[in-house]
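# An overview of the molecular structure
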Amino acid sequence: MSVANPATVGDCLRVGAGFSQGDRNWIAEQFATLDARLAGFHADTTELEVSVKDREVRGQKVTLECWIAGRQKVVTTSQEEDLHAALNDVRDDLRRKLNDAKTRQEPRNNRHLRDHVVPEETEALPEPGQG
């Protein structure tokens, strides 16, 4: 699917509670691998927000939320003690969830779509020895 204005982390990311605008660039670098997954969506209808509760304290919680028009909000969280590891954890979890959502919309996994796909006509092959 080709999108005229594909979403990128740089365009769609905003930092929430616990982060400053100064943190935004290094977080965007951490999340850059999401660009390939987000490219199938329009930048103007896609939003990402990352926040952290109790930053750099035992029990911190990093949350990454993703809104894409026409889809349910996707939320991932991590309670890794290392902030860098927590950011990688939420990034990887978001990628998995977006991939799973895409798979559910494909015809073989979605009964509604599958029932409306017209199978190709195949000619019956003769069984061996009946040639």
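Description of the structure in this document. Here the structure is a predicted model, which means the values were calculated and not measured.

### Here's the deal with helix H2 (residues 21-30)
Within H2, the full set of buried residues consists of Asp23, Arg24, Ile27, Ala28 and Gln30. The buried residues of H2 all sit within an arc of 145 degrees when viewed along its axis, so they share a single face. Every exposed residue of H2 that faces more than 90 degrees away from the buried side is listed here: Gly22, Asn25 and Glu29.

### Concerning the sheet that holds strand E2 (residues 46-53)
Judged by pairing direction, the sheet is mixed, and its 4 strands sit side by side in the order E1-E2-E3-E4 without closing on themselves. This sheet does not close on itself; its edge strands, each paired only once, are strand E1 (13-15) and strand E4 (74-78). Strand-to-strand twist of the sheet, defined as the mean angle between neighbouring strand axes without regard to direction, takes the value 15 degrees. In terms of strand pairing, E2 meets strand E3 (residues 61-68) through 8 bridges, oriented antiparallel. Among the inter-strand pairings, serine 51 is bridged to a residue of E3, identified as threonine 63. Relative to E1, H2 is tilted by about 140 degrees, and along the sheet it contacts E1 and E2.

### Here's the deal with the environment of arginine 96
Relative to the elements of secondary structure, arginine 96 occurs in helix H4 (residues 83-105). The class for arginine 96 is partly exposed, based on a relative accessible area of 46%. Separated by 59 residues in sequence, arginine 96 and arginine 37 have C-alpha atoms that sit 9.8 Å apart.

### Here we look at the environment of leucine 13
With respect to the helices and strands, the residue leucine 13 is situated in strand E1. C-alpha separation for the pair leucine 13 and phenylalanine 31, spaced 18 residues apart in sequence, amounts to 9.3 Å. In contact with leucine 13, other than residues within four places in its own chain, are Arg24, Ile27, Ala28, Phe31, Leu48 and Val50.

### Overview of the environment of leucine 98
Turning to its location among the elements, leucine 98 is positioned in helix H4. Judged by relative accessible area, which is 2%, leucine 98 ranks as buried. Remark: the alpha-carbon pair of leucine 98 and cysteine 66, spanning 32 residues in sequence, is separated by 9.5 Å. With sequence-adjacent residues up to four places away left out, leucine 98 is seen in contact with Arg37, Leu38, Ile68 and Val74.

Cut-off values and rules
- Residues numbered from 1 in each chain as written.
- Predicted model: local features only at pLDDT ≥ 70, side-chain atom pairs only at ≥ 80, totals over all residues.
- Heavy atoms only, no water.
- Buried < 20%, exposed > 50% of the residue type's maximum accessible area, 1.4 Å probe, protein only.
- Helix = DSSP H or I, 4+ residues; strand = E, 2+ residues; numbered from the N terminus.
- Arc of directions from axis to C-beta.
- Pairing = 2+ DSSP bridges.
- Axes fitted to C-alpha atoms, helices over the stretch in contact; angles between N-to-C directions.
- Contact = heavy atoms within 4.5 Å.

On their own, these measurements won't tell you what the molecule is for.
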